[in-house]
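# Secondary and tertiary structure notes
For reference, the chains in residue letters:
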Amino acid sequence: MSKPVNLDILNSGQIRNDWSLGEIEAIYNQPFNDLLFAAQTIHRQHFNPNQVQTSTLLSIKTGACPEDCAYCPQSGHYNTGLSKEQLMAVEEVVTKAQQAKETGATRFCMGAAWRSPREKDLAVVLEMVKQVKSLGLETCVTLGMLDDDQAQQLADAGLDYYNHNLDTSPEYYQQIITTRTYENRLDTLQNVRDAGINVCSGGIIGMGEQTQDRYGLIQQLANMPEHPQSVPINMLVAVEGTPLGEVEKLDSIDFVRMIATARIVMPKSYIRLSAGREDMNKETQTLCYTAGANSIFYGEKLLTTANPEAEADMKLFKQLGIKPEGSEATQEELVQELAQELPKKKEMFYDATQA
Ligand code: SAM
Ligand code: DTB
Ligand code: SF4
């Protein structure tokens, strides 16, 4: 075990963009209680510890992606049984966004399985952004690589966040994706930042990486010119048919360590407990909240795989005294409402993990 990290340094309130791998390693490997205490202390300096932000995802264009990301059920390089779908119609997306709002989400994230958007598709997405925003929701899209002009068009449409993950360390990246480079990803993030859109960028753990790669991912995120405003930490959802379909499951304590480390080095960012919650019990999720996670993907579906039911999340929030950030309803009202409404709203969807 590394030496405990000096809390005076951690408590300085300074936002740093020069973290060394050694420092990140020392933070990650502290005795668990010291790590959680440091993360919770820092969390309280910048956030209400009893509030969690809720984002609902929708896959607006599913499958047949030309990229070869080894984790992804939507890559056209692998057979996961997922059928290719066209870009959804604007009205359909707006209906889903309205439902997400009624369920208590404050941000609506639209994902497309593209390498980068074509001009005519981007025009449709711009309209989606405008209309979803007019419902009073924050908007986020993830469409693959963007050039500066595309980022500007999204900014002009009023987009709040762009999600583009680094996924892993620069070293391990080559084992995971060959069809685009780490540099391509950093360039897209630069274009997004320059256009004045909030950056949402994080990664995945549990892909067979070494702990060094986790430190490397955190270092890349934390040493950007500005910390991403939102940092999704995903646990791999292993999907049969992808090269990572059979990878060994991640230990939940390692996941909590990753959340706590992200919280400590990026004190003002929203750290999102992201994919993989279906495989976590409520105690693990609770530890993540204690470690400074203050955002979740909310609603029964991620992009193509399952996520906990909204009702289960609201029940846990209620047990923990957590309030969904910015939602007009309290978690108590949402629990009651969801118990009545959800069976009506629920619909069957293709879950790539159940193929
Ligand atoms: N095609 C766009 C792109 O890659 O930029 C946007 C959609 S892509 C599905 C968004 C992110 O979801 C990926 O960067 C990856 O971090 C995450 N993701 C995809 N499949 C996953 C899986 N099986 N488990 C965990 N996270 C996953
Ligand atoms: C992110 O970091 N995780 C989300 C979102 N950004 C787009 C996607 C998770 C996808 C999990 C696999 C699936 O449902 O297809
Ligand atoms: Fe395509 Fe995105 Fe999946 Fe990679 S992660 S295969 S780019 S949808």
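Please read all numbers here as calculations on a predicted model, not as lab measurements.

So, on to the site of ligand 3. C65, E67, C69, Y71, C72, S75, A113 and R180 make up every residue found near ligand 3. Taken together, the residues of the shell around ligand 3 break down into 5 nonpolar, 1 polar and 2 charged.

On to the site of ligand 2. Residues in close proximity to ligand 2 include L57, P73, T142, N163, N165, P232, N234, F297, L302, L303, T304 and T305, which together make up its full environment. One of the side-chain nitrogen or oxygen atoms of T304 is found 2.7 Å away from an oxygen atom of ligand 2. T305 places a side-chain nitrogen or oxygen 2.8 Å from an oxygen atom of ligand 2. Surface burial for ligand 2 is 88%, taken as the share of its 400 Å² of free accessible area covered by protein chains. Along the lines of polarity and charge, the residues of the shell around ligand 2 split into 6 nonpolar, 6 polar and no charged.

A few words on unusual backbone geometry. For A64, which is not glycine, the phi torsion reads 55° and is therefore positive. Counting through the fold element by element, A64 comes out in the loop between β1 (51-61) and α4 (90-103). Overall, A64 belongs to the partly exposed group, its relative accessible area being 41%. For D167, which is not a glycine, the phi torsion comes out positive at approximately 75°. Residue class for D167 comes out buried when judged on its relative accessible area of 2%.

Glancing now at the side chain of E209. Mapped onto the secondary structure, E209 falls in the loop between β6 (203-205) and α9 (211-222). Only 2.9 Å separates the side chain of E209 from the backbone nitrogen of G206, close enough to count as a polar contact. Among the polar contacts listed, one links the side chain of E209 to the backbone nitrogen of M207, at a separation of 2.7 Å. Those residues in contact with E209 that sit more than four places away from it in its chain are Y172 and R214.

A cluster of acidic residues, E119, D147, D148, D149 and D194, forms a negative patch at the surface. The topology assignment puts D194 in helix α8 (residues 182-194).

Quick look at α8 now. The terminal C-alpha atoms of α8, which comprises 13 residues, lie 18 Å apart, in line with the 18 Å expected from a rise of 1.5 Å per residue. Every buried residue of α8 is accounted for by Y182, R185, T188, L189, N191, V192 and R193. Contacts from the buried residues of α8 go to α6 (148-156), β4 (161-163), α7 (170-176), β5 (198-200) and α9. Positive backbone phi, at 85°, marks G196, one or two positions downstream of α8.

What counts, and where the lines are drawn
- Residues numbered from 1 in each chain as written.
- Chains lettered and ligands numbered in written order.
- Predicted model: local features only at pLDDT ≥ 70, side-chain atom pairs only at ≥ 80, totals over all residues.
- Heavy atoms only, no water.
- Near = heavy atom within 4 Å.
- Nonpolar A, V, L, I, M, F, W, Y, C, P; charged D, E, K, R; others polar.
- Polar contact = N/O pair within 3.5 Å; in protein donor to acceptor, adjacent residues only side chain to side chain.
- Areas by Shrake-Rupley, 256 points an atom, 1.4 Å probe, with all protein chains shown as cover.
- Helix = DSSP H or I, 4+ residues; strand = E, 2+ residues; numbered from the N terminus.
- Buried < 20%, exposed > 50% of the residue type's maximum accessible area, 1.4 Å probe, protein only.
- Contact = heavy atoms within 4.5 Å.
- Patch = residues over 30% accessible without salt bridge, like charges linked within 9 Å, V, L, I, M, F, W, Y side chains within 5 Å.
- Salt bridge = Lys/Arg side-chain N within 4 Å of Asp/Glu carboxyl O.
- Lys, Arg positive; Asp, Glu negative; His and termini not counted.
- Charge placed at Lys NZ, Arg CZ, Asp CG, Glu CD.
- Expected span 1.5 Å × (residues − 1).

None of the figures reported here should be taken as evidence of function without further support.
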